[in-house]
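The residues making up each chain are set out below.
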Amino acid sequence: MKRILSGMQPTYQLHLGNYLGALKNWVDLQNAEPENENLYCVVDMHAITMPYDRDSLAKATREIAAAYIAAGIDPKKSAIFAQSSVGDLHGELMWLLATMTQIGKLNRMTQFKDKAGKNAEKAGLGLYAYPVLMAADILIYNATHVPVGEDQKQHLELARDIAATFNHRYEKEFFTLPEPMIMGAATRVMSLRDGSQKMSKSAESDMSRINLTDTPEMIADKIKRAKTDPNPLPDSVEGLEGRPEAANLITIYAAMNNQTKEQVIAEFAGKQFSEFKPKLSDLTVEKIAPITARMRELLADQTEIDAILKDGAEKARLVAEPILTEVKDIMGFWSLK
Ligand code: TYM
């Protein structure tokens, strides 16, 4: 049995990268391996590390929870919860782990460099310490597996490193080193405007990404206008080399249709983008529209989502509390015995 944990930040809208790189894999895993224990959180405490809108935070948290459920995460099989509702435990473990995290390692985190930009001196401590909180999110449940997109690999390596440091320092194999699960064809979905940039929530142009809330018309328009090159599609995966935009569209198609890139290439070899793009657009609409519709239904009445989040937080707390107690005990803190 695996204990699986992952999360997404409630910032802006979820996009196709979040769906294909993470959420779809969570759903596939939940359905393929019913014996697993699954914990899916909305990492709202991470979302406040960058400027955010106080009045939208709770709403955005419900929206992400709705997206999880609409995509197929079943609250009966998976705990769905807001990180902040178990924030006392995540936050306390973060502090304990911070004492065994080397600054040199945090300095190497590329996400911090990207987000802090040129003005790193003015960035908040929260943004800098973000990977330690992420390690705590995972280790507070002693999760064994963490399904994420490729961009989270470095953070997961740090989480493993911190877990190993704890085990070594306190001479006890207490934390399982969490395994990253970087799954499916689309571990790194790229921008529709520039095949060398990751599809992201923060990219300025909305045309660069497909949001889970886009209408079928918007999806079709974005794919129609997606950047390509003048050549027809190649007849082998190697032929995609040096053609980042073509590679991205083929990857999206493959992941969405549960195929390999080879299978997609076999079907479209030699075809023009004018023929491929409408097929990609139909497939995307077919897969995304039902999720969008279900999200709308769920968000129309927040009582159901709120009940699910409350129940999920209770389940998460039951797992986390004894782990934190044991960690403190191992570290030698006083407690009434
Ligand atoms: P976040 O909110 O940026 O992204 C959520 C998930 O989506 C994946 N993803 C992508 N996958 C493929 N292509 C893309 N273009 C793309 N963009 C995003 C991410 O890899 C991620 O899996 N630090 C995390 C949140 C987090 C977390 C955790 C995850 C906090 N604590 C504990 C796992 C375990 C983040 O910012 O994800």
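Since we're looking at a predicted model, the values are computed, not measured.

Draft legend 1. Fine view of the side chain of asparagine 38. Turning to its location among the elements, asparagine 38 is positioned in strand S2 (residues 37–42). If we skip the residues at most four places from it in the chain, asparagine 38 touches Ile4, Gln30, Lys77, Ser78 and Ala79.

Draft legend 2. Expanded view of the pairing of strand S3 (residues 78–82). Within S3, five of the five residues are buried, which leaves the element mostly enclosed by the surrounding structure. Here S3 shows a buried face lined by Ser78, Ile80 and Ala82 and a second buried face lined by Ala79 and Phe81. Summarising the sheet, S2 and S3 pair through five bridges and their orientation is parallel. Opposite cysteine 41, over in S3, you have phenylalanine 81 as the bridge partner.

Draft legend 3. Structural detail: the pattern of salt bridges. Within this structure, the stated rule accounts for 22 salt bridges. Note that aspartate 206 is salt-bridged to arginine 209, the shortest N-O span being 3.5 Å. For aspartate 206, a relative accessible area of 32% corresponds to the partly exposed category. We classify arginine 209 as buried; its relative accessible area is 9%. The closest approach of N and O atoms between lysine 337 and aspartate 329, which form a salt bridge, is 2.9 Å. Take lysine 337: its relative accessible area is 81%, and that puts it in the exposed class.

Draft legend 4. Geometry of the site of the ligand. Surrounding the ligand, one finds 27 residues, the nearest of these being Gln9, Tyr130, Asp137, Asp151 and Val189. Glutamine 9 places a side-chain nitrogen or oxygen 2.8 Å from an oxygen atom of the ligand. Within the contact set of the ligand, a nitrogen atom lies 2.7 Å away from a side-chain nitrogen or oxygen of aspartate 137. The protein chains hide 96% of the 720 Å² of surface that the ligand would expose on its own. Of all the secondary-structure elements, those providing two or more residues to the shell around the ligand are strand S1 (3–8), helix H1 (16–32) and helix H7 (125–139). Looking at the shell around the ligand, its residues break down into 11 nonpolar, 11 polar and five charged.

Draft legend 5. Just the packing of aromatic side chains, in detail. Applying the stated rule across the entire model yields 11 aromatic pairs. The interplanar angle of 75 degrees and the centroid separation of 5.1 Å between the aromatic rings of tryptophan 26 and tyrosine 68 together place this pair among those described as edge-to-face. Residue tryptophan 26 is located in helix H1, and its partner tyrosine 68 is located in helix H3 (residues 57–71); the two are separated by 42 residues in the primary sequence. Three or more aromatic residues link up through ring pairs in this structure, and these residues are Phe166, Tyr170, Phe174 and Phe175.

Draft legend 6. Representation of the nonpolar core in the model. Of all hydrophobic cores here, the largest spans 58 residues; its most connected members are Leu16, Tyr19, Leu20, Leu23, Tyr68 and Phe276. No other element matches helix H10 (residues 244–256), which puts nine residues into this core. For tyrosine 19, the residues in contact, after removing those within four places along its chain, are Lys24, Asn25, Ala71, Leu212, Ile288 and Ile291. Within the second largest apolar cluster, 47 residues are counted, among which are Ala143, Leu158, Ile330 and Met331.

About the criteria used
Residues numbered from 1 in each chain as written. Predicted model: local features only at pLDDT ≥ 70, side-chain atom pairs only at ≥ 80, totals over all residues. Heavy atoms only, no water. Helix = DSSP H or I, 4+ residues; strand = E, 2+ residues; numbered from the N terminus. Contact = heavy atoms within 4.5 Å. Buried < 20%, exposed > 50% of the residue type's maximum accessible area, 1.4 Å probe, protein only. Pairing = 2+ DSSP bridges. Salt bridge = Lys/Arg side-chain N within 4 Å of Asp/Glu carboxyl O. Near = heavy atom within 4 Å. Polar contact = N/O pair within 3.5 Å; in protein donor to acceptor, adjacent residues only side chain to side chain. Areas by Shrake-Rupley, 256 points an atom, 1.4 Å probe, with all protein chains shown as cover. Nonpolar A, V, L, I, M, F, W, Y, C, P; charged D, E, K, R; others polar. Phe/Tyr/Trp six-rings, centres within 6.5 Å; stacked < 30°, edge-to-face > 60°. Core = buried A, V, L, I, M, F, W, Y, C linked by side-chain atoms within 4.5 Å.

Functional significance is not addressed by these values, which are geometric in nature.
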